[in-house]
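Here are the chains, one letter per residue:
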Amino acid sequence: MEQFEKDEETKKTSKLQWFLFVVFIPLLFTISVALLILTFSGINVFEQGKKYAGQLPFISQWVEGTEANEKKKLQEQLVELKATIVEKEKQLKKANDVLKEKEAEIDALQQEIARLQAEKEQVQEPTTTPPAEQTNTPRVDVVKMYETMSPRKAAEIIPQMSDQEAVNLLSKLKTDKVAAILEKMDAQNAAKYTSLLAKKADN
């Protein structure tokens, strides 16, 4: 019995080996050689196979269904990509708006800095007025003016001044000019200015 089973297994193995070496391997080799020849001849074997398979009822439905699914997936991916692009464009526009606002703030700050710098320079400039001899405004020589004025006219004007101003002016005039002016004054004013000139001379 055991010998019979062994013989049966040996027969099955022999048949399998015969099928592999005699049928399957030569057929596989022949198909490979045919594919190579057709490929080198410029014939797209897979496209042709797909074309002929599409003519078969069940296979054509399967192929069409596969293409429809692939097309649907591609359309969905396209919609997602478009949505992503729109979102990125919104983000870019928002970033550009923020950038413009920052640039405006920087410009305003620079203008403020320039204004403060100008104010600082103005404060640091010397405020002293230039000497009288450096200005273009001519200086009036009051003493010389009264030297050339008539004694009678000077005697009328001087009493209108304050005592201090009058004494300062008379003390700078020549003695004979002062005497002539005092002669033209009334006795009260002449006495007053004479007393004030004497006090100034004593100091």
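What counts as what
Residues numbered from 1 in each chain as written. Predicted model: local features only at pLDDT ≥ 70, side-chain atom pairs only at ≥ 80, totals over all residues. Heavy atoms only, no water. Helix = DSSP H or I, 4+ residues; strand = E, 2+ residues; numbered from the N terminus. Buried < 20%, exposed > 50% of the residue type's maximum accessible area, 1.4 Å probe, protein only. Contact = heavy atoms within 4.5 Å. Areas by Shrake-Rupley, 256 points an atom, 1.4 Å probe, with all protein chains shown as cover. pLDDT = per-residue confidence, 0-100. Core = buried A, V, L, I, M, F, W, Y, C linked by side-chain atoms within 4.5 Å. Salt bridge = Lys/Arg side-chain N within 4 Å of Asp/Glu carboxyl O. Lys, Arg positive; Asp, Glu negative; His and termini not counted. Expected span 1.5 Å × (residues − 1). Polar contact = N/O pair within 3.5 Å; in protein donor to acceptor, adjacent residues only side chain to side chain.

Observations concerning the overall build of the protein
So, step 1. Across its full length, the protein carries 8 helices and 0 strands.
So, step 2. When burial is assessed residue by residue, the protein has 11% of its 203 residues classed as buried.
So, step 3. Of the contacts formed within the protein by residues at least 6 apart in sequence, a portion of 57% connects residues at least 24 apart.
So, step 4. If you sum the accessible surface of the protein, you get close to 17,700 Å²; carbon and sulfur atoms cover 59% of it.

Brief notes about the confidence of the model for the protein
So, step 1. Here the protein averages 78 in pLDDT, and 75% of its residues register 70 or above.
So, step 2. Averaged pLDDT values over the elements of the protein bottom out at 61 in helix H2 (residues 45–54) and peak at 90 in helix H7 (residues 175–184).
So, step 3. Of the regions scoring below 50 in pLDDT, residues 132–138 engages in 1 contact with residues more than four places distant in sequence or in other chains.

Some remarks on H7
So, step 1. Here H7 has its buried residues at Lys 177, Val 178, Ala 180, Ile 181 and Leu 182.
So, step 2. At its buried positions, H7 is contacted by helix H4 (142–148), helix H5 (151–157), helix H6 (163–172) and helix H8 (187–202).

Here we look at the nonpolar core
So, step 1. Among the nonpolar cores identified, the biggest contains 17 residues, and Tyr 146, Ile 158, Leu 170, Ile 181, Met 185 and Tyr 193 are the most heavily contacted of them.
So, step 2. Put simply, the parts of the chain that give this core at least two residues each are H5, H6, H7 and H8.
So, step 3. Broken down by element, this core gets its largest block of residues, 4 residues, from H6.
So, step 4. Ignoring sequence-local partners within four residues, the contact set of Met 185 consists of Ala 155, Ile 158, Pro 159, Ala 190 and Tyr 193.

What to know about the pattern of salt bridges
So, step 1. In this structure the tally under the stated criterion is 3 salt bridges.
So, step 2. In this structure, Asp 97 and Lys 93 form a salt bridge, with 3.5 Å as the shortest nitrogen-oxygen distance. With a gap of 4 residues between them, Asp 97 and Lys 93 both fall in helix H3 (residues 57–124), about one helical turn apart.

Some thoughts on the side chain of Lys 177
So, step 1. One can find Lys 177 in helix H7.
So, step 2. Of the side chains bearing the opposite charge, Glu 147 lies closest to the buried Lys 177, which forms no salt bridge; the N-O distance is 5.8 Å.
So, step 3. Not counting the four nearest positions on each side in its chain, Lys 177 is found in contact with Tyr 146, Glu 147, Met 149, Ser 150 and Pro 151.

Quick look at H8
So, step 1. The end-to-end C-alpha distance of H8, which contains 16 residues, comes to 23 Å, matching closely the 22 Å that a straight helix rising 1.5 Å per residue would cover.
So, step 2. Contacts from the buried residues of H8 go to H6 and H7.
So, step 3. Capping the start of H8, Asp 186 holds a side-chain oxygen 3.2 Å from the backbone nitrogen of Gln 188, two or three residues further along.

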